[in-house]
Amino acid sequence: MKIIKNICTGIAAVFSILPTFAQQTYEELEQLTVNEQVTTVITASEPIRFVDISTDKVIGDQPINNTIRLKPKETGHEDGEVLAIVTIVTERYRTQYALLYTTRMQEAVTDKEIEFQERNAYNNPTVSMSVSDMSRYARRIWNSPAKYRNVSNRKHRMNMRLNNIYAVGDYFFIDFSIENKTNIRFDIDEIRVKLADKKVSKATNAQIIELTPALVLEQAKSFRHGYRNVIVVKKMTFPNDKVLTIEMTEKQISGRNIRLNIDYEDVLSADSFNAVLLEEE
């Protein structure tokens, strides 16, 4: 698990100097009661990018991208004692809570959702596009007609093809689909995106660079006849002797796999996304 004790990486200057009327003391913050025998779970409405716990009296981790867990490290505190201030920064807002100790386990907060009125708008310098905006663009692309017809691959009586590539801000949106011409359901193990050599010589090791998508729109785990998805990756350049590859593998040990190779020329042909697409019905 990713420990989030006094995390300070990833965002510079989280706290800019605020006007006097916007400053708060811990007594004015939303207060959460905590106990060492209870895990306090805080859930945000969007991915959490930064967490700071002001003291080492409380520990925490981030099990998934929009949730953190907190708990006092030890006993011996007085009722109402302020153990720490926790600061949570998402893609578009930040929130602070004062963590107050309670000796009564039943009074400790177990589940807390960050409410709208507790969110302070924040322009996160590390986020050029929020996940919610990415999802909106990707959904419109997913519903748009295919423009590419000649980038495809056939294997195991399946056809994987490129439908569209769009460039939006700092990202490429890659729209692809698979047609399964068998009657055997395809149970998805994983989808991998990587840069690979076009030609692999038996005398040399292939150079493969794994890429982590910023977003995979559809989370379906299986399909029988048809599948479509949009993957979002950070904009990049790569030499002509490499291809951008999307590979899908099946769960079974002897399962099928299929990949789609996209040349750099196709990436260079990516359309600039027209905001009108978001308004189309």
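By the naming in an unreviewed UniProt entry, the protein chain goes by Conjugative transposon TraN protein and is assigned to Phocaeicola dorei CL02T12C06.

(A) Structural view of the overall build of the protein chain. In terms of regular secondary structure, the protein chain is built from 2 helices and 20 strands. In the protein chain, which comprises 281 residues, the proportion classed as buried is 44%. In the protein chain, the share of contacts with a sequence separation of at least 24, taken over all contacts with a separation of at least 6, comes to 69%. Accessible area of the protein chain: about 15800 Å², with a carbon and sulfur share of 48%.

(B) Broad picture of the sheet that holds strand S4 (residues 58-64). If you trace the 4 strands from one edge of the open sheet to the other, you get S4-S5-S2-S8, paired in mixed fashion. Of all the strands in the sheet, the pair left with one neighbour each is S4 and strand S8 (111-113). Across this sheet, the average inter-strand angle for adjacent strands is 20°, counted without regard to direction. One ladder, built from 5 bridges, connects S4 with strand S5 (residues 67-72); its direction is antiparallel.

(C) Broad picture of the packing of aromatic side chains. Taken as a whole and judged by the stated rule, the model has 4 aromatic pairs. Through pairs of rings, three or more aromatic residues link up here, namely Phe176, Phe186, Phe223 and Tyr227.

(D) Layout of the confidence of the model for the protein chain. When pLDDT is averaged across the protein chain, the result is 84; 85% of the residues are at 70 or more. Below a pLDDT of 50 lies the segment residues 5-21, which in the model reaches 29 contacts outside its immediate sequence neighbourhood of four places, other chains included.

(E) Representation of the environment of Asp189. When you line up the elements, Asp189 lands in strand S13 (residues 186-197). Since its relative accessible area comes to 44%, Asp189 is described here as partly exposed.

What counts and how
Residues numbered from 1 in each chain as written. Predicted model: local features only at pLDDT ≥ 70, side-chain atom pairs only at ≥ 80, totals over all residues. Heavy atoms only, no water. Helix = DSSP H or I, 4+ residues; strand = E, 2+ residues; numbered from the N terminus. Buried < 20%, exposed > 50% of the residue type's maximum accessible area, 1.4 Å probe, protein only. Contact = heavy atoms within 4.5 Å. Areas by Shrake-Rupley, 256 points an atom, 1.4 Å probe, with all protein chains shown as cover. Pairing = 2+ DSSP bridges. Axes fitted to C-alpha atoms, helices over the stretch in contact; angles between N-to-C directions. Phe/Tyr/Trp six-rings, centres within 6.5 Å; stacked < 30°, edge-to-face > 60°. pLDDT = per-residue confidence, 0-100.

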